[in-house]
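Results of the structural survey
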Amino acid sequence: MTAADFKNAVLANNPAWAQLLGLCPLLAVSNSVVNALGLAAASTLVVIGSNTVISALRGFIPDQARLPSFVLVIATFTTVTTLLLEAFAFDLYLKIALYVQIIVTNCMILGRAEAFASRQPVSRAILDAAGTAVGFAIALIGLGAVREVLGQGTLFENAHLLFGESAASWTIDIGDAGTLPLALYPPGAFLTTGVIMALMTSLKRSTHDRQKMNTRR
Amino acid sequence: MIRPVLNICLIGAVCGLVLSATQAMTRSHIDENRLRQAQALLIDMAGWDIQLDGEWRSASLNLCPDGYFVRGSQPGYTGPIEFVLLWEPARGLTLRVSNHRETPGIGDFIDHNRSDWITSMDGASLDRWAALDNVTGATVTTNAVRSALTEHGPVLMEQCR
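Notes on the structure follow. In this text the structure is predicted, and so the values were computed from the model without any measurement. (Residues numbered from 1 in each chain as written. Chains lettered and ligands numbered in written order. Predicted model: local features only at pLDDT ≥ 70, side-chain atom pairs only at ≥ 80, totals over all residues.)

Some points on the overall build of chain B
Looking only at helices and strands, one finds four helices and four strands in chain B. Ordered by position from N to C terminus, the α and β elements of chain B give α-β-β-β-β-α-α-α. Seen through its C-alpha atoms, chain B measures out along the principal axes to roughly 70 × 40 × 25 Å. When contacts within chain B are restricted to residue pairs at least 6 apart in sequence, those whose partners lie at least 24 apart make up 51%. (Helix = DSSP H or I, 4+ residues; strand = E, 2+ residues; numbered from the N terminus. Contact = placed C-beta atoms within 7 Å.)

Okay, here's the thing in structure tokens:
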């Protein structure tokens, strides 16, 4: 996998914005940057771990039973992540556990296992998983930042849940209160996502048009 | 034909080993976290200062004459629903769910951090709990909280007399 492939996985083929995969946890958990970071870290662990194992075992996985085998490996990593969160980041676990557990059904992870990891060597599978995880994390954290600022006028609130007590002072206050409290709720997640996707599509179109014009000249 | 089956068994065994190792590594931390959460919930539910022993680990706590407290679990839709239940002769029964995996938006009405429903039932009579029909269409979840009260409530209400 080249750097261009990695960039492609992160931006042009971003699992959330371009392929619309993994939207359930994306919309549910992204009401703050800290929640988004927690889910991004959990998803990264699961996608990299499962891609690595599936790639390493690709010679052993029977073709007829490949999907159940992939789900078994992904479920194992999801459970391991859940147990680690419950043991070492209990406060964050209480907030995002329900959504970490449904990572197992995240079609972004199953999609990379089926389309890439099961056909490629371990090194390429890890890079692909890293690109996918970074792309998902960018989408998650970007949406989390926009919703937190709009909804409650802060950034990095409750950072101590993830980074320890020393991070309690990391909160950045942007105004007294959020200008759009709806952004913190599920309808707000849909609306914010729609606006971000419209902006990205428009940006993509204008870049494409500019490239086309340059080619003609 | 036998080889694919053996391969699947091998993959299952590897996954099982990883899970067992992780569980063994995290069990003591998880138990400690759950215990601390139950203690914090008890203090929050009671609203009065409770002197807990440093190593309080039992499933029940006799605080008579002020109250009596139990921890327990009921089968939910996606795994056990762990709860804490406080009986205070002066205020009645108070229930809080300390750990659950119910479906977000449907079964999580039992979580006091996500919904006001369970706090609205504070002090409700056993008859009211027993008559509880269905909340948000989550039959299994509703049955679990109703059973928690109907099984433990009568025993608790015999305490502190």
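From this point on, the discussion continues.
Structural notes on the overall build of chain A
A tally of helices and strands in chain A yields nine helices and two strands. Reading chain A from its N terminus to its C terminus gives the helix and strand order α-α-α-α-α-α-α-β-α-β-α. Its C-alpha atoms give chain A a radius of gyration of 19 Å, near enough to 17 Å, the size a compact globule of 217 residues would have. For chain A, the spread of C-alpha atoms along the principal axes amounts to about 60 × 60 × 30 Å. When the 217 residues of chain A are sorted by exposure, 41% land in the buried category. (Rg over C-alpha atoms; globule rule 2.2 N^0.38 Å. Buried ≥ 20, exposed ≤ 12 C-beta atoms within 10 Å, placed from the backbone.)

Observations concerning the sheet that holds strand E2 (residues 67–76) of chain B
Residues and elements named next belong to chain B. Ordered by their spatial adjacency, four strands build an open sheet running E1-E2-E3-E4, and the pairing between neighbours is antiparallel. The open sheet has two edge strands, strand E1 (60–63) and strand E4 (92–99), and neither has a second partner. With direction set aside, neighbouring strand axes in the sheet form an average angle of 25 degrees. Pairing geometry for E1 and E2, over four bridges, is antiparallel. Residue pairing across strands places Asn62 opposite Tyr68, the latter belonging to E2. Contacts from helix H1 (residues 2–46) reach E2, strand E3 (79–88) and E4, with the element oriented near 150 degrees to E4. (Pairing = 2+ DSSP bridges. Axes fitted to C-alpha atoms, helices over the stretch in contact; angles between N-to-C directions.)

Points about unusual backbone geometry
Residues and elements named next belong to chain A. Unlike most non-glycine residues, Phe156 shows phi in positive territory, near 65 degrees. Given 19 C-beta atoms within 10 Å, Phe156 falls into the partly exposed group. For Asn158, which is not glycine, the phi torsion reads 65 degrees and is therefore positive. Along the chain, the position of Asn158 falls in the loop between strand E1 (154–155) and helix H8 (160–163). Under the C-beta neighbour-count criterion, Asn158 is labelled partly exposed, with 19 such atoms within 10 Å.

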